[in-house]
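Residues per chain, in single letters:
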Amino acid sequence: MTEQGHELRAGAGADGRESETVPHRVRLRDRDAELRSAEAAVEKLCREFAAGGTEIGELLTFSGRPGIGKTSLLHEVRRIAKLREGATVLFARGGERQSNEPYHVLRQLLQPVLGSLDPAEFRQVMGTWEEVVGPAMGLKQPKAGARRLDPQGVRDGLDYVLTQLAPRRAPLVMIVDDLHWSDLESLAWLASFALRASELPVLLVFAYRDDIADWQPEAQEHQAAVTSLATRRHELGRLTLVSVTDMVRAELGDKAEDAFCYEFWNVVNGNPFEAVALLDQVRDQELDPVEENSQQLRELAVDATGTTLTGWLERLGASTLRFAWACAMLGTDIRPDLAARISTQSPEASRESIKQLRKQRVLTQTPNGNLEFVHPLIGSSIYNTMKESTKTGMHGVAAAEIENAGLGLLAASRHLVETFPGEGDDRTVRKLRKAAQEHLLIGAPEAAQRCLHRALAEPPDDDIRAEVLYELGCSALLTDPMATVNQLKLALDPDEGPLRPSLRVDATFRLSEVLAHSGQLGEAARVCQDEAEQTEDDSAGRLRLEAAAFMWHAYRKSEEDGPARSERLGELCRSLTGREAADRAVLALRAWDLTLRGEPSAEVLRHADQVLDQGRLPKGLGWTDSTWGFELPATLGLSYTYSDRIAQAERLFGDAIVQFEIAGWSGAHRGFAYFLMGLARFRRGLLAEAEDFLRRALRLSERIGPKLPLAWDAVGVLVDTLIARGRTNEAWDLAIGFGFSPPYHATAMVLPDAASLYGKLLLAKGRKAGAAAALTEAGAQLDARGWHNTVWAPWAGHLAVALAEDEPERARAYAERSVRDARRFGTASAIGTALRLHAEIADGQQAVELLEEAVRHLGQSPAGYEHAVALVDLGAALRRVGRLEDAQEFLYQGIELAQHCAADGLVDRARRELANYGLRPNRLGDVREMLSQPEWDVARLAVRGVPPQRIADELGVHLSLVNRRLAAVYRKAGSGPDGLASALGLPPEQREGTEDGREGAAGRDGGTVEA
Ligand SMILES: Nc1ncnc2c1ncn2[C@@H]1O[C@H](COP(=O)(O)OP(=O)(O)O)[C@@H](O)[C@H]1O
Ligand SMILES: [Mg+2]
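If you're wondering where the values come from, they're calculated on a predicted model, not measured in any experiment.

Definitions and cut-offs
- Residues numbered from 1 in each chain as written.
- Chains lettered and ligands numbered in written order.
- Predicted model: local features only at pLDDT ≥ 70, side-chain atom pairs only at ≥ 80, totals over all residues.
- Heavy atoms only, no water.
- Helix = DSSP H or I, 4+ residues; strand = E, 2+ residues; numbered from the N terminus.
- Contact = heavy atoms within 4.5 Å.
- Areas by Shrake-Rupley, 256 points an atom, 1.4 Å probe, with all protein chains shown as cover.
- Lys, Arg positive; Asp, Glu negative; His and termini not counted.
- Charge placed at Lys NZ, Arg CZ, Asp CG, Glu CD.
- 1 Å grid on protein atoms, 1.4 Å probe; cavity = no way out; pocket = protein on both sides within 12 Å on 5 of 7 lines; lining within 4 Å.
- Points joined across faces, edges and corners; volume = space filled by probe spheres on them.
- Nonpolar A, V, L, I, M, F, W, Y, C, P; charged D, E, K, R; others polar.
- Phe/Tyr/Trp six-rings, centres within 6.5 Å; stacked < 30°, edge-to-face > 60°.
- Buried < 20%, exposed > 50% of the residue type's maximum accessible area, 1.4 Å probe, protein only.

A.B. asks: Got a minute to help me understand the overall build of the chain in this structure?
C.D. replies: A count of helical and extended segments in the chain gives 51 helices and 7 strands. Judged by the C-alpha coordinates and their principal axes, the chain covers about 115 × 80 × 55 Å. The contacts in the chain between residues at least 6 apart in sequence include a share of 68% that link residues at least 24 apart. Carbon and sulfur atoms make up 49% of the accessible area of the chain, which amounts to about 41500 Å² in all. Averaging the coordinates of the 119 positive side-chain charges in the chain and doing the same for the 148 negative ones gives two points 3 Å apart.

Right, here's the structure in full:
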């Protein structure tokens, strides 16, 4: 727990559950319906949970004007909920002054309960999110060397944590008061969590002002969301005349006249807060509650909330008011010692102030010994009586005192940003910059930016101004690309002051990164090139920028001088002397360049293998490494994917997913990692898995914005995957719905080649003319660029198929060219697929021969689906030349493999092929051929009644593995334990081993266990 914990844990008891903070109960008038609803909500939650329910959550909201009675109702809900045995009640409230303090509300809400978990439970609840949620919730310091957190990552982490926590602490009641003042970080999550609450045993209770003007502009969409999600929604109305009359008479006695009460009700407009305040006044002024005095009520009412400075001064006196101001700065859960120091009062004087303020019903004490305004309206009123200069001055004192009290820069910075700039104070600038870094580490970039903007306004010394601009630019990297671009451009602008050379390189790289991510790849490459030319003394920095320029060019949709660039990259590569990260980066880029050009894959791999360090990414080139960004390892993984070293690629992509998760980079990064994994799985023919990864990538991308390059990538491969699975119409609908058609993404290259994918889709839909046009165009563009990889862009092979009927000559030329290009690249999968496509336009014996060769190649590649297609095609071709027996064998093989790939369309095609020619649509399987050796080992023992644990011991493998193998055996044999022996053609069950020594031993063991 951090030191801030002390300040933040409003009302939290040591046991982590909140202690009683409601000293006395007020009789709530005209709120029967609301109370019944609250009671029913709590009752339902507890009852359904006790009955084993889990997806039983609800959202209960109370909204209305200030003073209408929201907080009072929440107190009742807390009381009701706490009476229920086993229920956990969490409470937090937003504060007007703290609405800029990141996670202010969520820390109050969750720290007590998370902080009270024992270490083992804490680890389970946190899962892999400890380094993300922990720092954001103020439960631990960020790890040394930690990177900035992505706010989306924090939200995802919180989702995970609450999903873990809720069932453990259910029934769970989470109450948030004054949600309209919630900091945006908390609010964004709460609003999204409200949507999921129904899936958990959680009752959410929110109270807020419904006037939109009370919400920060950025919060307004959340208000709409929360309001629409509430299952029980209560807008609190004013109290009735009867109730107010009752309140008046309860206080002033029955002598209060009807006319007086009526006027009283009118003046306070049925608002209970105003009624209570006015009653105080009436009592203080000893006003007789008779008709004649009704007129004076209006004047008294103005005073009741003490809106003017004079009003407060008269009521409190200067010294006490100053203390009240200090309290107003601090907002909620006010530490008296801090307030005393901020108002520069001695302990005795402050005690006197507190006494006075309590007497005047301005402040009240909370059970943890802190202070609170009796109502936030009073706090606001007092704060607003401060002159601007007093305010800024006092915020400065507050910042210093909060730091002195050991509460940390994060807590102090909220005040620092409110201080008056213009002093040019170095120390302030330093503090603000440090606070900004700390905010980035808890996933609060907006707060970091507020600090840095304020630092710029200070202003900083001329020689560090550009550095602050650079930090400002970097602070928005994960969230606000446009702001980043502008700020980094400013940082690099010599007119803004000098930037340290090492930072210039980094700022340029970051700028290019953001430009690239927003699709301006040409511009990204250009800024790197320009800066590289001007970077003289720093050769590593220059190499970094040169390499980056190559990288962005490679990701461009088109470029003017592709072949020349490739030449230059080759030269740069040959000139490398060391094996530093930058050298390896160049090698990785070269490997990718060679891949796209379709140069021999042996060359690709020779380069790629020099990048890795014992099969892993080297230091400095990691997925979350900020020196290079994720594109670089991505290109390396792609090179492996296309060179048939998919296992290696999958290892890299798997690392990416895990590392982005741990770092809390939940946006485009994680989405891209899913995409890459989806692509790798697709290449392997694991189509169902590919589909799952790709859909996840697409979802993440859409969460960030519409039609990002990532979405194009994901949709393209997803379309390809769906076609492979035989769901062409679904693929078509997806493509049309997304708009996956020429001219594709305006600037960024789609991975893999979009035009080829589109052509394939048209072909699959039978639109040959359209396909031919799209593929011809694709070929022209790729040729100009010097890219001839037939796997990346299989345009030629498919163009041949599209042209086969109308222009057989051209078709043959394309098919042969595709085979030639594939042979040059040289991977088994490339050659096999090109041959298969060639066979599609060939007849008779020639087709058979092409496919036989295709199958030979594909059989040595990891491209499972391509292999399956070739097998089925070969079967069909053999059937056409009358070799039915051979045809049958290949079709069976094709079916098996297609089933493994989840390529249902292909399975159907093969079955039809068999059925149409009177062949059996299924192999009458010999079970014994279908069992693997390990499965056989298990089966033999099982047949003799050896129990699984014994089998595990006997074979020296884990029990769970034995069970898995047994399940496979039963499935393949089509029998459970009873009929297993006969299904496998083994002799009937025997108790003792008889065949050989090993089985004998197993038999003995089996016997003892049975006993
Ligand atoms: N239904 C009610 N009947 C009587 N008094 C009430 C009622 N609701 C609120 N009050 C009183 O009015 C004052 C303001 O209520 P509060 O719950 O703080 O309002 P809000 O949270 O909506 O601003 C409190 O002093 C409270 O005791
Ligand atoms: Mg309230």
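Now that the structure is up, let's keep going.
A.B. asks: What is the right way to look at empty space enclosed by the protein in this model?
C.D. replies: By rolling a water-sized probe across the atoms, one finds the places where empty space is left. All told, the structure shown has 9 cavities of 30 Å³ or more when counted by the stated rule. For the largest cavity, the lining is made up of 16 residues, of which Glu 96, Gly 331, Thr 332, Phe 373 and Pro 376 are closest to its centre. Secondary-structure elements contributing two or more residues to the lining of the largest cavity are strand 7 (371–373) and helix 18 (376–384). Residue contributions to the lining of the largest cavity peak at 3 residues, all from helix 18. Split into classes, the residues belonging to the lining of the largest cavity amount to 4 nonpolar, 7 polar and 5 charged.

A.B. asks: Sorry if this is basic, but what is going on with the packing of aromatic side chains here?
C.D. replies: Here a ring pair, both rings aromatic, is described through the centre-centre distance and the interplanar angle of the planes. This model, assessed by the stated rule, comprises 21 aromatic pairs. When the ring of Trp 189 is compared with that of Phe 193, the centres are 4.5 Å apart and the planes differ by 20°; the resulting orientation is stacked. Here Trp 189 and its partner Phe 193 are both found in helix 8 (residues 184–196), 4 residues apart, which amounts to about one turn of the helix. Using a relative accessible area of 0% as the deciding quantity, one classes Phe 193 as buried. Between Trp 592 and Tyr 642, the aromatic rings sit 6.4 Å apart at their centres with planes inclined by 35°, giving tilted as the arrangement. Separated by 50 residues along the polypeptide, Trp 592 in helix 29 (residues 581–597) and Tyr 642 in helix 31 (residues 631–642) bring together distant segments of the chain. This pair shows no difference in class: Trp 592 is buried, exactly as Tyr 642 is.

A.B. asks: Help me understand the environment of Phe 373 in this model?
C.D. replies: The residue Phe 373 is located in strand 7 in this model. The sequence separation of Phe 373 and Leu 363 amounts to 10 residues, and the corresponding C-alpha distance is 4.4 Å.

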